[in-house]
Amino acid sequence: MKAIYKREVSSYFNSMTGWVFVAVLTFFIGIYFFVNNLFSGYPYFSVSLNSVLVVFMVVIPVLTMRSLADERHSKTDQLLLTAPVPITAVVLGKYFAMLTVFAVPVAIACLCPLIIALNGSAFLLADYCSILAFFLLGAVEIAVGMLVSSLTESQIIAAVGSFGLLLLLYLWDGLVDFLPSTAGGSLLGLAILLALVCFLVNALSNNWKVTAAVLVPGAAVLTAFYLRDSGAFAGLLPDLLGRFSLLSVFNAFALDHVFDVPGILLYLSMSALLVFLTVQVIQRRRWN
């Protein structure tokens, strides 16, 4: 993993990709920092980070689009698939390399609260907790981009697909509000989610028995709980999906100034799950 990590970091900074990513993200952080904190005098740097989140949808696909798609396009993935190195080590090496590139503008951003403190009142603890949440949110979105990149050999498709998913995550709260809140609507929505999970399980395992082992008990549990107390399903779907809002977690840090421990666990678990799915996608291609 160490060799792959070094190779990937070197490739990012020996090409324009890494430098463009760092420059663009640093530029927008600096612009919002100047407007919100230096010019307007707002003491919390976290509000500037909150404004930068929309830029993630553009810059992160640029960083992740070549991570695995380029290997597949140039056929160099065959060397990785046949090398005596675990696929997990390959994926983690690439993932940590992208996190290292992302950490550069985040490290530069760490200077901003200190500049605020030199020029007036500052809330360093709240701002540095927000920077931590900012980094972890970026880690989740990088994992999303890497997963999409593992599904195709086209960097363009990987970038567009990543942009679409990141846009979905950005609009998540607003979309959840449009979901049905009736008991029947929630049951239907949960059934669709179960079907999507079973589709994913089947795609990764290619084993109908494993898929059935997920589908049958899941459908039975949903049906039993609905027949027992259908009223409990009212509003269940939007409430359940609302708990997976990545931006709500960041807003708790940046706007409410609350250290959201469950939110940190959500970020870490989502990153781990997406990396695991990426490993499974490549592992399946390895044995096929």
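Given the structure is predicted, the values throughout are model-derived calculations rather than measurements.

### Quick look at the nonpolar core
Phase 1 of the analysis: Core analysis: the largest hydrophobic core is formed by 68 residues, its most contacted members being Phe21, Phe45, Phe56, Phe134, Phe250 and Tyr267.
Phase 2 of the analysis: Here this core gets 13 residues from one element, more than from any other, and that element is helix α8 (residues 124-150).
Phase 3 of the analysis: Among all residues touching Tyr267, those that are not within four sequence positions of it are Ala133, Leu136, Leu137, Val140, Leu246, Val249 and Phe250.

### Observations concerning the side chain of Thr278
Phase 1 of the analysis: Positionally, Thr278 belongs in helix α15 (residues 261-287).
Phase 2 of the analysis: Take Thr278: its relative accessible area is 0%, and that puts it in the buried class.
Phase 3 of the analysis: At 2.9 Å, the side chain of Thr278 and the backbone oxygen of Leu274 are in polar contact.
Phase 4 of the analysis: Discounting residues that sit within four places of it in the chain, Thr278 has contacts with Leu68, Val91, Met146, Leu147 and Ser150.

### Describing the pattern of salt bridges
Phase 1 of the analysis: Inspection of the entire model under this criterion finds three salt bridges.
Phase 2 of the analysis: Its salt-bridge partner being Glu8, residue Arg7 comes within 2.8 Å of it at the nearest N-O pair.
Phase 3 of the analysis: Of the charged contacts, one joins Asp239 and Arg243 as a salt bridge, the two residues approaching to 3.4 Å between their closest N and O atoms.
Phase 4 of the analysis: Here the residues in one salt-bridge network are Arg7, Glu8 and Lys94, joined through shared partners.

### Notes on the environment of Asn206
Phase 1 of the analysis: In this structure, Asn206 sits in the loop between α11 (183-205) and α12 (208-228).
Phase 2 of the analysis: Asn206 gets classed as exposed once you look at its relative accessible area, which sits at 57%.
Phase 3 of the analysis: C-alpha of Asn206 to C-alpha of Arg284: the two residues are 78 residues apart in sequence and 9.0 Å apart in space.

### Re the packing of aromatic side chains
Phase 1 of the analysis: As enumerated under the stated definition, the model contains 15 aromatic pairs in all.
Phase 2 of the analysis: Taking 6.0 Å as the distance between ring centres and 35° as the angle between the ring planes, the aromatic pair formed by Phe102 and Phe134 counts as tilted. With Phe102 in helix α6 (residues 87-109) and Phe134 in helix α8, the pair connects residues that are 32 residues apart, well separated along the chain.
Phase 3 of the analysis: Accessibility expressed as a relative area gives 1% for Phe134, which makes it buried.
Phase 4 of the analysis: Among the aromatic residues, those joined into a ring-pair cluster are Phe21, Phe56, Phe102, Phe134, Phe135 and Phe250.
Phase 5 of the analysis: Its end group placed over the ring of Tyr12, Arg66 keeps NZ or CZ at 5.1 Å from the ring centre.

Definitions and cut-offs
- Residues numbered from 1 in each chain as written.
- Predicted model: local features only at pLDDT ≥ 70, side-chain atom pairs only at ≥ 80, totals over all residues.
- Heavy atoms only, no water.
- Core = buried A, V, L, I, M, F, W, Y, C linked by side-chain atoms within 4.5 Å.
- Buried < 20%, exposed > 50% of the residue type's maximum accessible area, 1.4 Å probe, protein only.
- Helix = DSSP H or I, 4+ residues; strand = E, 2+ residues; numbered from the N terminus.
- Contact = heavy atoms within 4.5 Å.
- Polar contact = N/O pair within 3.5 Å; in protein donor to acceptor, adjacent residues only side chain to side chain.
- Salt bridge = Lys/Arg side-chain N within 4 Å of Asp/Glu carboxyl O.
- Phe/Tyr/Trp six-rings, centres within 6.5 Å; stacked < 30°, edge-to-face > 60°.
- Lys NZ or Arg CZ within 6 Å of the ring centre and 35° of its normal.

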